[in-house]
Amino acid sequence: MAIEDQAVLEAARAVDEAKKVVILTGAGMSTEAGVPDFRSQNGWWKQIDPRTVATTEALEGQYGLFHDFYSFRIRSLGDVRPHSGHAVIAKWEKQGKAGAVATQNVDGLHQAAGSRQVYELHGSILSCRCHACGRPAAQGTFLDKEACPCGGKLRPNVVLFGESLPSGAWDMALNRIERADLVIVIGTSLTVYPVNQLPYLTKGKRILINMETTGEENRFDLVLLGKAGEILEAVDRSRGQ
Ligand code: BV8
Ligand code: ZN
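Presented here is a report on the structure given in the accompanying data block. What you see is a predicted model, and the numbers here were worked out from it, not measured in a lab.

## Looking at the site of ligand 1
- Lining the immediate environment of ligand 1, one finds 36 residues, of which Arg39, Tyr70, Arg73, Thr188 and Ser189 sit closest.
- Note that an oxygen atom of ligand 1 is positioned 2.7 Å from one of the side-chain N or O atoms of Tyr70.
- With respect to ligand 1, the backbone of Val159 contributes an N or O atom lying 2.7 Å from a nitrogen atom.
- Taken by itself ligand 1 offers 1,500 Å² of open surface, and the protein chains cover 77% of this.
- Considered class by class, the residues forming the shell around ligand 1 number 14 nonpolar, 14 polar and eight charged.

So this is what it looks like as C-alpha coordinates:
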(Lines give C-alpha, C1' and ligand atoms only; values in the text may rest on other atoms or scores of the structure.)
(Ligands and ions follow the chains in the order given, each with its own letter.)
Protein backbone atom coordinates (compact mmCIF):
# COMPACT_ATOMS: atom_id res chain seq x y z
CA MET A 1 0.00 0.00 0.00
CA ALA A 2 1.42 3.43 -0.91
CA ILE A 3 2.53 5.60 2.04
CA GLU A 4 -0.10 8.22 1.38
CA ASP A 5 -2.83 5.52 1.34
CA GLN A 6 -1.51 4.36 4.69
CA ALA A 7 -1.79 7.92 6.01
CA VAL A 8 -5.32 8.22 4.60
CA LEU A 9 -6.29 4.98 6.39
CA GLU A 10 -4.73 6.23 9.63
CA ALA A 11 -6.65 9.50 9.33
CA ALA A 12 -9.91 7.62 8.65
CA ARG A 13 -9.38 5.49 11.76
CA ALA A 14 -8.61 8.60 13.84
CA VAL A 15 -11.88 10.17 12.68
CA ASP A 16 -13.81 6.96 13.45
CA GLU A 17 -12.32 6.69 16.95
CA ALA A 18 -12.70 10.38 17.84
CA LYS A 19 -15.65 11.62 19.88
CA LYS A 20 -15.06 15.38 19.51
CA VAL A 21 -13.49 16.47 16.21
CA VAL A 22 -12.72 20.13 15.48
CA ILE A 23 -11.74 21.22 11.98
CA LEU A 24 -9.52 24.32 11.57
CA THR A 25 -9.32 25.69 8.03
CA GLY A 26 -7.46 28.37 6.10
CA ALA A 27 -7.45 29.75 2.58
CA GLY A 28 -6.19 26.44 1.17
CA MET A 29 -9.63 25.00 1.92
CA SER A 30 -11.17 27.37 -0.62
CA THR A 31 -8.73 27.26 -3.55
CA GLU A 32 -10.36 24.17 -5.11
CA ALA A 33 -13.57 26.20 -5.14
CA GLY A 34 -11.78 28.86 -7.19
CA VAL A 35 -10.85 31.31 -4.41
CA PRO A 36 -7.12 32.20 -4.56
CA ASP A 37 -5.20 31.76 -1.30
CA PHE A 38 -2.84 34.28 0.22
CA ARG A 39 0.66 32.88 0.09
CA SER A 40 1.19 30.06 -2.39
CA GLN A 41 2.12 30.53 -6.06
CA ASN A 42 -0.94 32.30 -7.42
CA GLY A 43 -2.19 33.59 -4.07
CA TRP A 44 -3.29 37.17 -3.38
CA TRP A 45 0.01 37.94 -1.71
CA LYS A 46 1.74 37.49 -5.09
CA GLN A 47 -0.23 40.26 -6.81
CA ILE A 48 -0.80 42.54 -3.86
CA ASP A 49 0.44 42.23 -0.30
CA PRO A 50 -2.79 42.03 1.74
CA ARG A 51 -0.76 42.82 4.84
CA THR A 52 -0.55 46.33 3.37
CA VAL A 53 -4.17 46.42 2.22
CA ALA A 54 -6.07 44.31 4.79
CA THR A 55 -5.27 46.98 7.40
CA THR A 56 -7.05 49.91 9.07
CA GLU A 57 -4.24 52.15 7.75
CA ALA A 58 -5.22 51.29 4.15
CA LEU A 59 -8.92 51.65 5.02
CA GLU A 60 -8.35 55.11 6.51
CA GLY A 61 -5.50 56.32 4.28
CA GLN A 62 -5.86 54.54 0.91
CA TYR A 63 -9.59 53.87 0.62
CA GLY A 64 -9.43 53.53 -3.18
CA LEU A 65 -6.93 50.64 -2.96
CA PHE A 66 -8.77 49.11 0.02
CA HIS A 67 -12.09 49.32 -1.82
CA ASP A 68 -10.63 47.87 -5.06
CA PHE A 69 -9.13 44.89 -3.17
CA TYR A 70 -12.30 43.99 -1.31
CA SER A 71 -14.84 44.74 -4.02
CA PHE A 72 -12.81 42.55 -6.42
CA ARG A 73 -12.86 39.71 -3.89
CA ILE A 74 -16.58 40.13 -3.18
CA ARG A 75 -17.44 40.12 -6.88
CA SER A 76 -15.19 37.10 -7.60
CA LEU A 77 -17.08 35.12 -4.93
CA GLY A 78 -20.25 35.54 -7.02
CA ASP A 79 -20.29 32.15 -8.73
CA VAL A 80 -18.00 30.30 -6.30
CA ARG A 81 -19.50 27.15 -4.77
CA PRO A 82 -18.23 24.83 -2.02
CA HIS A 83 -16.24 21.79 -3.20
CA SER A 84 -16.44 18.11 -2.20
CA GLY A 85 -14.13 18.67 0.78
CA HIS A 86 -16.59 21.18 2.28
CA ALA A 87 -19.36 18.62 1.72
CA VAL A 88 -17.40 15.90 3.58
CA ILE A 89 -16.92 18.20 6.59
CA ALA A 90 -20.63 19.09 6.60
CA LYS A 91 -21.50 15.37 6.36
CA TRP A 92 -19.27 14.54 9.34
CA GLU A 93 -21.07 17.22 11.36
CA LYS A 94 -24.47 15.73 10.39
CA GLN A 95 -23.19 12.31 11.49
CA GLY A 96 -22.37 13.87 14.87
CA LYS A 97 -18.67 13.30 14.18
CA ALA A 98 -17.27 16.81 13.48
CA GLY A 99 -18.14 19.12 16.36
CA ALA A 100 -17.21 22.46 14.87
CA VAL A 101 -15.37 24.26 12.10
CA ALA A 102 -13.08 27.14 13.09
CA THR A 103 -12.11 28.97 9.92
CA GLN A 104 -9.82 31.82 8.90
CA ASN A 105 -11.80 32.05 5.68
CA VAL A 106 -14.24 34.88 5.12
CA ASP A 107 -16.03 33.38 2.09
CA GLY A 108 -18.89 31.55 3.83
CA LEU A 109 -18.20 28.31 1.90
CA HIS A 110 -18.44 26.02 4.95
CA GLN A 111 -21.92 27.36 5.73
CA ALA A 112 -22.91 27.14 2.04
CA ALA A 113 -21.94 23.43 2.13
CA GLY A 114 -24.23 22.87 5.13
CA SER A 115 -21.86 23.14 8.10
CA ARG A 116 -23.76 24.78 10.98
CA GLN A 117 -21.22 25.19 13.79
CA VAL A 118 -18.80 27.50 11.99
CA TYR A 119 -16.66 29.99 13.90
CA GLU A 120 -15.43 32.74 11.54
CA LEU A 121 -12.24 33.77 13.32
CA HIS A 122 -11.38 36.40 10.69
CA GLY A 123 -14.95 37.55 10.12
CA SER A 124 -16.89 37.53 6.87
CA ILE A 125 -16.62 39.38 3.57
CA LEU A 126 -20.31 38.72 2.88
CA SER A 127 -21.55 41.52 5.14
CA CYS A 128 -20.42 45.12 5.59
CA ARG A 129 -20.56 47.91 8.15
CA CYS A 130 -19.58 51.52 8.68
CA HIS A 131 -16.04 51.79 10.05
CA ALA A 132 -16.95 54.95 11.97
CA CYS A 133 -20.31 54.22 13.59
CA GLY A 134 -20.58 50.45 13.13
CA ARG A 135 -23.98 50.65 11.42
CA PRO A 136 -24.56 47.60 9.13
CA ALA A 137 -24.38 48.42 5.40
CA ALA A 138 -25.67 46.48 2.39
CA GLN A 139 -22.94 44.84 0.30
CA GLY A 140 -24.25 46.73 -2.78
CA THR A 141 -23.83 50.04 -0.97
CA PHE A 142 -20.21 49.15 -0.21
CA LEU A 143 -19.65 47.99 -3.81
CA ASP A 144 -21.09 51.28 -5.08
CA LYS A 145 -18.47 53.01 -2.93
CA GLU A 146 -21.15 54.97 -1.08
CA ALA A 147 -20.50 56.42 2.37
CA CYS A 148 -22.50 55.71 5.51
CA PRO A 149 -25.24 58.28 6.30
CA CYS A 150 -22.93 59.40 9.14
CA GLY A 151 -20.25 60.12 6.53
CA GLY A 152 -18.07 57.19 7.64
CA LYS A 153 -16.30 54.76 5.29
CA LEU A 154 -17.93 51.36 4.62
CA ARG A 155 -15.92 48.12 4.99
CA PRO A 156 -16.54 44.35 4.95
CA ASN A 157 -16.90 42.62 8.33
CA VAL A 158 -13.48 40.95 8.03
CA VAL A 159 -10.80 41.17 10.74
CA LEU A 160 -8.06 43.43 9.39
CA PHE A 161 -4.42 43.03 10.47
CA GLY A 162 -3.98 44.78 13.81
CA GLU A 163 -7.65 44.28 14.73
CA SER A 164 -8.64 41.86 17.45
CA LEU A 165 -10.58 38.73 16.54
CA PRO A 166 -14.33 38.49 17.31
CA SER A 167 -14.33 37.38 20.95
CA GLY A 168 -17.36 35.11 20.57
CA ALA A 169 -15.90 33.11 17.70
CA TRP A 170 -12.47 32.99 19.35
CA ASP A 171 -13.79 31.85 22.75
CA MET A 172 -15.99 29.15 21.21
CA ALA A 173 -13.23 27.86 18.91
CA LEU A 174 -10.71 27.82 21.78
CA ASN A 175 -13.15 26.04 24.07
CA ARG A 176 -13.97 23.37 21.47
CA ILE A 177 -10.31 22.84 20.56
CA GLU A 178 -9.29 22.49 24.22
CA ARG A 179 -11.95 19.80 24.64
CA ALA A 180 -11.40 18.07 21.30
CA ASP A 181 -9.85 14.63 21.02
CA LEU A 182 -8.98 15.29 17.37
CA VAL A 183 -8.13 18.56 15.59
CA ILE A 184 -7.78 18.45 11.80
CA VAL A 185 -5.97 21.51 10.38
CA ILE A 186 -6.63 22.02 6.66
CA GLY A 187 -5.23 24.44 4.07
CA THR A 188 -3.32 26.96 6.14
CA SER A 189 0.30 28.13 6.20
CA LEU A 190 -0.09 28.70 9.96
CA THR A 191 1.52 32.14 9.60
CA VAL A 192 -1.22 34.35 10.99
CA TYR A 193 -1.40 34.93 14.75
CA PRO A 194 -3.27 34.14 16.97
CA VAL A 195 -5.08 31.45 14.96
CA ASN A 196 -1.74 29.73 14.32
CA GLN A 197 -1.55 28.97 18.04
CA LEU A 198 -4.88 27.12 18.18
CA PRO A 199 -3.78 23.67 16.94
CA TYR A 200 -1.38 23.33 19.88
CA LEU A 201 -4.02 24.08 22.51
CA THR A 202 -5.68 20.69 22.19
CA LYS A 203 -4.78 17.65 24.29
CA GLY A 204 -6.10 15.51 21.48
CA LYS A 205 -4.57 14.21 18.27
CA ARG A 206 -3.47 16.70 15.59
CA ILE A 207 -3.71 16.00 11.86
CA LEU A 208 -2.45 18.44 9.19
CA ILE A 209 -3.77 18.35 5.61
CA ASN A 210 -1.96 20.86 3.38
CA MET A 211 -0.60 21.24 -0.15
CA GLU A 212 2.83 22.45 1.00
CA THR A 213 4.88 21.88 4.14
CA THR A 214 4.49 24.65 6.71
CA GLY A 215 7.54 23.98 8.87
CA GLU A 216 5.23 22.88 11.69
CA GLU A 217 4.86 19.27 10.54
CA ASN A 218 6.78 17.85 13.51
CA ARG A 219 4.08 19.22 15.86
CA PHE A 220 1.40 17.05 14.23
CA ASP A 221 0.65 13.35 14.81
CA LEU A 222 -0.15 12.83 11.12
CA VAL A 223 0.55 14.96 8.00
CA LEU A 224 -1.13 14.43 4.62
CA LEU A 225 0.35 16.56 1.83
CA GLY A 226 -1.97 17.21 -1.09
CA LYS A 227 -5.28 18.78 -2.07
CA ALA A 228 -7.80 19.23 0.73
CA GLY A 229 -10.82 18.15 -1.33
CA GLU A 230 -9.17 15.01 -2.66
CA ILE A 231 -7.74 13.99 0.72
CA LEU A 232 -10.99 14.60 2.59
CA GLU A 233 -12.87 12.49 0.04
CA ALA A 234 -10.26 9.71 0.31
CA VAL A 235 -10.41 9.77 4.13
CA ASP A 236 -14.20 9.69 4.07
CA ARG A 237 -14.17 6.74 1.64
CA SER A 238 -11.71 4.88 3.89
CA ARG A 239 -13.79 5.24 7.06
CA GLY A 240 -15.25 2.16 8.70
CA GLN A 241 -12.36 -0.11 7.63
C1 BV8 B 1 -4.13 40.49 16.11
C2 BV8 B 1 -9.25 38.66 6.91
C3 BV8 B 1 -3.88 41.73 18.10
C4 BV8 B 1 -9.07 39.75 5.93
C5 BV8 B 1 -7.02 38.05 7.66
C6 BV8 B 1 4.80 39.75 13.69
C7 BV8 B 1 4.94 38.44 14.10
C8 BV8 B 1 3.83 37.68 14.49
C9 BV8 B 1 2.55 38.23 14.45
C10 BV8 B 1 2.41 39.53 14.01
C11 BV8 B 1 3.53 40.29 13.64
N12 BV8 B 1 3.08 41.51 13.25
C13 BV8 B 1 1.74 41.56 13.40
C14 BV8 B 1 1.30 40.35 13.87
C15 BV8 B 1 -0.11 39.96 14.15
C16 BV8 B 1 -0.83 39.67 12.85
C17 BV8 B 1 -0.13 38.58 12.09
O18 BV8 B 1 -0.21 37.42 12.45
N19 BV8 B 1 0.56 38.96 11.01
C20 BV8 B 1 1.23 37.95 10.20
C21 BV8 B 1 1.12 38.33 8.73
C22 BV8 B 1 2.67 37.84 10.65
N23 BV8 B 1 -2.16 39.22 13.23
C24 BV8 B 1 -3.14 40.12 13.41
O25 BV8 B 1 -3.01 41.31 13.20
C26 BV8 B 1 -4.43 39.57 13.96
N27 BV8 B 1 -4.86 40.39 15.03
O28 BV8 B 1 -3.10 39.91 16.32
O29 BV8 B 1 -4.66 41.40 16.95
C30 BV8 B 1 -4.75 42.58 18.91
C31 BV8 B 1 -5.15 42.11 20.15
C32 BV8 B 1 -5.96 42.91 20.92
C33 BV8 B 1 -6.39 44.14 20.43
C34 BV8 B 1 -6.01 44.59 19.15
C35 BV8 B 1 -5.19 43.79 18.36
C36 BV8 B 1 -5.50 39.62 12.88
C37 BV8 B 1 -5.14 38.68 11.78
C38 BV8 B 1 -6.32 38.55 10.82
C39 BV8 B 1 -5.97 39.21 9.52
N40 BV8 B 1 -7.05 38.98 8.58
N41 BV8 B 1 -8.06 37.82 6.88
C42 BV8 B 1 -9.11 39.22 4.52
O43 BV8 B 1 -9.33 38.01 4.31
O44 BV8 B 1 -8.91 40.05 3.64
S45 BV8 B 1 -5.66 37.08 7.52
C46 BV8 B 1 -5.65 36.20 6.06
O47 BV8 B 1 -4.57 35.27 6.23
C48 BV8 B 1 -6.84 35.29 5.76
O49 BV8 B 1 -7.78 35.20 6.80
C50 BV8 B 1 -6.15 33.93 5.59
O51 BV8 B 1 -7.00 32.88 5.77
C52 BV8 B 1 -5.20 34.09 6.68
C53 BV8 B 1 -4.19 33.08 6.99
O54 BV8 B 1 -3.61 32.65 5.84
P55 BV8 B 1 -3.93 31.13 5.42
O56 BV8 B 1 -5.39 30.87 5.59
O57 BV8 B 1 -3.00 30.25 6.15
O58 BV8 B 1 -3.66 31.22 3.90
P59 BV8 B 1 -2.23 31.06 3.19
O60 BV8 B 1 -2.38 31.46 1.77
O61 BV8 B 1 -1.19 31.72 4.05
O62 BV8 B 1 -1.95 29.49 3.26
C63 BV8 B 1 -2.77 28.63 2.49
C64 BV8 B 1 -2.14 27.27 2.62
O65 BV8 B 1 -2.99 26.33 1.98
C66 BV8 B 1 -0.80 27.19 1.91
O67 BV8 B 1 0.14 26.54 2.78
C68 BV8 B 1 -1.07 26.35 0.66
O69 BV8 B 1 0.00 25.48 0.37
C70 BV8 B 1 -2.25 25.53 1.11
N71 BV8 B 1 -3.15 25.16 0.02
C72 BV8 B 1 -3.49 25.91 -1.07
N73 BV8 B 1 -4.39 25.22 -1.81
C74 BV8 B 1 -4.60 24.04 -1.17
C75 BV8 B 1 -3.82 24.01 0.00
N76 BV8 B 1 -3.81 22.97 0.85
C77 BV8 B 1 -4.59 21.92 0.55
N78 BV8 B 1 -5.39 21.88 -0.56
C79 BV8 B 1 -5.41 22.91 -1.43
N80 BV8 B 1 -6.19 22.83 -2.53
ZN1 ZN C 1 -21.60 55.43 9.94
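## Regarding helix H10 (residues 228–237)
- With seven of 10 residues buried, H10 lies mostly within the body of the structure.
- Here H10 has its buried residues at Ala228, Gly229, Ile231, Leu232, Ala234, Val235 and Asp236.

## Looking at the nonpolar core
- If you look at the biggest cluster of nonpolar residues, it comprises 28 residues, and the most contacted ones within it are Ile23, Trp92, Ile184, Ile186, Ile207 and Leu224.
- Elements supplying a minimum of two residues to this core: helix H1 (3–17), strand E1 (21–25), helix H6 (84–94), strand E2 (98–103), strand E7 (182–186), strand E8 (205–210), strand E9 (222–225) and H10.
- Of the residues forming this core, the biggest block, six residues, is contributed by H1.
- One finds Phe66, Tyr70, Ile74 and Val106 within the second-largest nonpolar core, a separate group that totals 25 residues.

The rules behind these values
- Residues numbered from 1 in each chain as written.
- Chains lettered and ligands numbered in written order.
- Predicted model: local features only at pLDDT ≥ 70, side-chain atom pairs only at ≥ 80, totals over all residues.
- Heavy atoms only, no water.
- Near = heavy atom within 4 Å.
- Polar contact = N/O pair within 3.5 Å; in protein donor to acceptor, adjacent residues only side chain to side chain.
- Areas by Shrake-Rupley, 256 points an atom, 1.4 Å probe, with all protein chains shown as cover.
- Nonpolar A, V, L, I, M, F, W, Y, C, P; charged D, E, K, R; others polar.
- Buried < 20%, exposed > 50% of the residue type's maximum accessible area, 1.4 Å probe, protein only.
- Helix = DSSP H or I, 4+ residues; strand = E, 2+ residues; numbered from the N terminus.
- Core = buried A, V, L, I, M, F, W, Y, C linked by side-chain atoms within 4.5 Å.

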